[in-house]
Amino acid sequence: MISTAMTKALNIQATREYFAAWLYRSMGLWCDEAGLHGAATWMKTQAGEEIEHAERFITYIEDQGGHVEIGALEKPLRKFASLDDVFAKALEHERKVTKWINELYTLALEEKDVATQIMLNWYITEQIEEEQQTQEVLTRLELYGKAPCQLMRIDHELGKRKED
């Protein structure tokens, strides 16, 4: 059984994960409208992953006898200056998520909640991957994406992303 404070914190993070899905979906819609269909596919896949992350939190809360309560979602960004801007904002968001996961882990440590610590280890590893993948795309865009032919090449490669 998890504490009331941990249950509340995990519910907040589940809501944040659903928001991340909306954010990535919004980014994908912008990409589609800009003719960057590969990037749109990348973002849609990422949105699906974020939903899975939220569902993992929910399942854990339920399995631990907690009460699930999803909060309201704020409206995600919908306008971006460029594909670089999309990925810069995605990386900024992933860094916030990493901070939040670390805060959850700290709470689990303070409460001596070993089960939640173990569960959060998966998210810690996942966040390393999330930041690395997003940073890699952003770096490639910053280095090579200014020329239209290179942008199209990167977009094509982004479209090859498969669900994990």
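Residues numbered from 1 in each chain as written. Predicted model: local features only at pLDDT ≥ 70, side-chain atom pairs only at ≥ 80, totals over all residues. Heavy atoms only, no water.

## Here's the deal with unusual backbone geometry
With phi around 55°, Lys-112 is a residue other than glycine that occupies positive phi space. With respect to the helices and strands, Lys-112 occurs in the loop between helix H3 (83–110) and helix H4 (114–144). A residue is classified by how much of its surface remains accessible, and Lys-112, at 70% relative accessible area, is exposed. (Helix = DSSP H or I, 4+ residues; strand = E, 2+ residues; numbered from the N terminus. Buried < 20%, exposed > 50% of the residue type's maximum accessible area, 1.4 Å probe, protein only.)

## Quick notes on the packing of aromatic side chains
Under the counting rule described, the total for this entry stands at four aromatic pairs. Aromatic pair Phe-57 and Tyr-123: ring centres 4.1 Å apart, planes at 15°, arrangement stacked. Note that Phe-57 is positioned in helix H2 (residues 37–63) and Tyr-123 in helix H4, a separation of 66 residues in sequence. Given the relative accessible area of 1%, Tyr-123 is considered buried. Residues Trp-122 and Tyr-123 carry aromatic rings whose centres are separated by 4.9 Å and whose planes lie at 90° to one another, so their mutual orientation is edge-to-face. An aromatic cluster is present here, built from Phe-57, Trp-122 and Tyr-123 joined pairwise through their rings. Arg-16 extends its terminal NZ or CZ atom over the ring of Trp-100, reaching a point 4.0 Å from the ring centre. (Phe/Tyr/Trp six-rings, centres within 6.5 Å; stacked < 30°, edge-to-face > 60°. Lys NZ or Arg CZ within 6 Å of the ring centre and 35° of its normal.)

## Structural notes on the packing of H2 against H4
In the contact formed by H2 and H4, the axes pass within 12 Å of each other and the chain directions differ by 170°. As the angle between them shows, H2 and H4 are arranged roughly antiparallel. Only Ala-115, Thr-116, Met-119, Leu-120, Trp-122, Tyr-123, Glu-126, Glu-130, Thr-134 and Val-137 of H4 make contact with H2, whose side of the interface consists of Trp-42, Gln-46, Glu-49, Glu-50, His-53, Arg-56, Phe-57 and Tyr-60. In the contact of H2 with H4, the residues fall into nine nonpolar, four polar and five charged. (Axes fitted to C-alpha atoms, helices over the stretch in contact; angles between N-to-C directions. Parallel < 35°, antiparallel > 145°, perpendicular 65-115°, else oblique. Contact = heavy atoms within 4.5 Å. Nonpolar A, V, L, I, M, F, W, Y, C, P; charged D, E, K, R; others polar.)

## Quick word on the nonpolar core
Generally speaking, a soluble globular protein has its nonpolar side chains buried in company with each other. With 24 residues, the main nonpolar core has Met-27, Cys-31, Leu-83, Val-86, Phe-87 and Leu-158 as its most contacted residues. For this core, the secondary structure elements donating two or more residues are helix H1 (4–33), H2, H3, H4 and helix H5 (148–158). Per element, the largest residue contribution to this core is seven residues, and it comes from H1. With residues near it in sequence (within four places) discarded, Leu-158 still touches Gly-38, Ala-39, Trp-42, Leu-83, Phe-87 and Val-137. Counting residues in each nonpolar core, the second largest holds 20 residues, with Ile-2, Ala-54, Leu-107 and Ala-108 among its members. (Core = buried A, V, L, I, M, F, W, Y, C linked by side-chain atoms within 4.5 Å.)

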